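# Observations on the model geometry
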Amino acid sequence: MKRLIYPLAAAAIIVGSAFTVIKSQDWKIGDDYSVKFSSDDPSGVFKGLQGTVNFDEKDLASSKFDVSVDVATINTGNGMKNTHAKSDKWLDADKYPLIKFTSSSITAAGSGYQAKGMLDFHGVQKEITIPFTFQNNTFSGSFEINRLDYNINTAEPNHGATTLKVEITVPVSKS
Amino acid sequence: MFKKIFFQGLAAGLLAAIASIIYNRIYFFAFGVNFSKLVNIPVLTALNLAACIVAAIGYWLIKKWFGPKADIIFNFSFSILSFASIIIPVSATLPFDLKNPELFPGLTVPMHFFPALAWFTLNPLFKK
């Protein structure tokens, strides 16, 4: 019986390890987040940011972002522009109510990080890379987007800007 | 003559300001939107007074140049300019932290007619 103690202990450790999942930190999105877009015309913000933020600086391999914003919450600061933006000519908020980003990998890049993943916008899925930093429990990132890549009012390529800069600041707390 | 016209402008400005402040409160309670960052008592008072003082200067100049036809020209001009000025709130871009910008014209467009309305209301009193 004594001879079996060590093999049993070894087996217990191996079996036990199967239930051990290395899980990176889940973060709760704070209320003071901002999702801004800017161009010569238009500029504005989105609200309704929600999803899961799973990030650990020491375990980037298992970190993951799966977030979305509500298209209907667009605010350009002008009521008429908001109505136009939500219409089927532009973002078509009824048909495509969410803009989603799901990361496939997060890697270190320079002094920050970059998240590579799929942006689902206006019914078009396109892989993008978002460089970002994480300091003082706040994610900050920015990237550029071309609306024509997402089939947004392709009939009028010269109506307003085609390239928009998106700036995202998301304060988080441990959940 | 300018003194009398100036006081008419001042009185009309105050009346328009009071009307604007009351309308602002009614709008706030009716729709629950808060534009007080842009539309508040000091701003409404200053803008209505400024509009009516400018109108008074305009009336004085028109009266000098056109004599007996001044009232017709001034009334038409004041009404047309009031109407044309609604393009300002309709096309304004508000700060992004203000919610429901589509309700902003509903608050401010009627206010653009208050200076003219106040002027025309008080005009008979200053004609005597």
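Every chain begins its residue count from 1, and numbering advances along the sequence as written. The order in which chains are written sets their letters, starting at A; the order in which ligands are written sets their numbers, starting at 1. Owing to the predicted nature of the model, reporting of local features is limited to residues with pLDDT of at least 70; listing and counting of side-chain atom pairs is limited to 80 or more, with chain, interface and lining totals taken over all residues.

## What to know about the overall build of chain A
Inclusion rule: Helix and strand definitions follow DSSP, with helices as H or I runs of at least four residues and strands as E runs of at least two, each counted in order from the N terminus. Note on burial: count the other C-beta atoms lying within 10 Å of the residue's C-beta; 20 or more is buried, 12 or fewer is exposed, in between is partly exposed, and C-beta positions come from the backbone. Note on contacts: residues are paired as contacts if their backbone-placed C-beta atoms lie within 7 Å.
When helices and strands are counted, chain A shows two helices and nine strands. Written out in order from the N terminus, the α and β elements of chain A read α-β-β-β-β-α-β-β-β-β-β. Counting only residues that meet the buried cut, chain A has 24% of its 175 residues in that class. Excluding contacts between residues fewer than 6 apart, the proportion of contacts in chain A whose partners are at least 24 apart in sequence is 53%.

## Looking at the overall build of chain B
Of the regular secondary structure elements, chain B holds six helices and zero strands. In terms of its C-alpha atoms, chain B occupies a principal-axis envelope of roughly 50 × 25 × 20 Å. Classification of the 128 residues of chain B by burial places 24% in the buried group. Across chain B, every contact between residues at least 6 apart in sequence was considered, and the portion connecting residues at least 24 apart equals 77%.

## Things to note about unusual backbone geometry
Cis geometry marks the peptide bond from A:Asp41 to A:Pro42; its omega dihedral reads 5 degrees. Within the secondary structure, A:Pro42 sits in the loop between β2 (34-38) and β3 (44-54). Phi angles above zero are rare outside glycine, and B:Asn100 is one such case at about 55 degrees. Classification of B:Asn100 as partly exposed rests on a count of 16 C-beta atoms within 10 Å.

## Structural notes on the nonpolar core
Applied cut-off: Residues enter a nonpolar core if they are buried, belong to Ala, Val, Leu, Ile, Met, Phe, Trp, Tyr or Cys, and are joined to the set through C-beta atoms within 7 Å.
Core analysis: the biggest nonpolar cluster contains 27 residues, and A:Val35, A:Leu91 and A:Ala115 have the highest contact counts within it. Sorting the residues of this core by element identifies β3, β4 (64-75), β5 (98-109), β6 (112-121), β7 (124-135) and β9 (163-174) of chain A as the ones contributing at least two each. When residues in this core are grouped by element, the largest group, five residues, is from β4(A). Ignoring any residue separated from it by four or fewer positions in sequence, one finds A:Ala115 in contact with A:Phe65, A:Ser103, A:Ile106, A:Ile130 and A:Phe132. Listed in part, the 20 residues of the second largest apolar core include B:Ala19, B:Ala51, B:Phe78 and B:Met111.

## Here we look at the confidence of the model for chain B
To keep things clear, this is the line we draw: Confidence of the predictor at the level of single residues is captured by pLDDT, which takes values from 0 to 100.
Scored by pLDDT, chain B has a mean of 95; 99% of the residues are at 70 or more. The ipTM for the predicted assembly is 0.77, set against a pTM of 0.80.

## Overview of the interface of chain A and chain B
The parts lose accessible area when they come together, and the size of an interface is often stated as this lost area. Selection rule: Under the grouping applied here, Gly and all other residues not named as nonpolar or charged are polar, the nonpolar ones being Ala, Val, Leu, Ile, Met, Phe, Trp, Tyr, Cys and Pro and the charged ones Asp, Glu, Lys and Arg.
At the interface, eight residues of chain A touch ten residues of chain B. Those elements giving two or more residues to the side of chain A that touches chain B turn out to be β3 and α2 (79-86) of chain A. Of all the elements, α2(A) adds the most residues to the side of chain A that touches chain B, at three residues. Of the residues that constitute the side of chain A that touches chain B, the class distribution is one nonpolar, seven polar and no charged.

## Considerations on the pairing of β9(A)
Residues and elements named next belong to chain A. Using the following cut-off: Here, strands pair whenever DSSP counts at least two bridges between them.
The pairing of strand β1 (residues 26-29) with β9 spans three bridges and is classified as antiparallel. Residue Lys28 lies in a different strand from β9, and its bridge partner there is Ser173. Where strand β8 (residues 138-146) lies against β9, nine bridges are found, and the strand directions are antiparallel. Considered in β9, the bridge of Gly141 is made with Ile168.

## Points about the environment of B:Ile5
Residues and elements named next belong to chain B. With respect to the element layout, Ile5 can be found in helix α1 (residues 2-31). We classify Ile5 as partly exposed; it has 19 C-beta atoms within 10 Å. If we ignore the near neighbours within four places in the chain, the residues touching Ile5 are Ala56, Tyr59 and Trp60.

## A word on helix α5 (residues 104-111) of chain B
Each turn of an α-helix holds 3.6 residues, which means side chains three or four residues apart point in the same direction. The line we're drawing: Working definition: the arc comes from the directions between the helix axis and the C-beta atoms, pointing outward to the latter.
Buried within α5(B) are the following residues: B:Phe104, B:Leu107, B:Thr108 and B:Met111. Across the axial projection of α5(B), the buried residues extend over an arc of 85 degrees, all falling on one side. For α5(B), the elements touching its buried residues are α2 of chain A together with α1, α4 (87-91) and α6 (114-127) of chain B.

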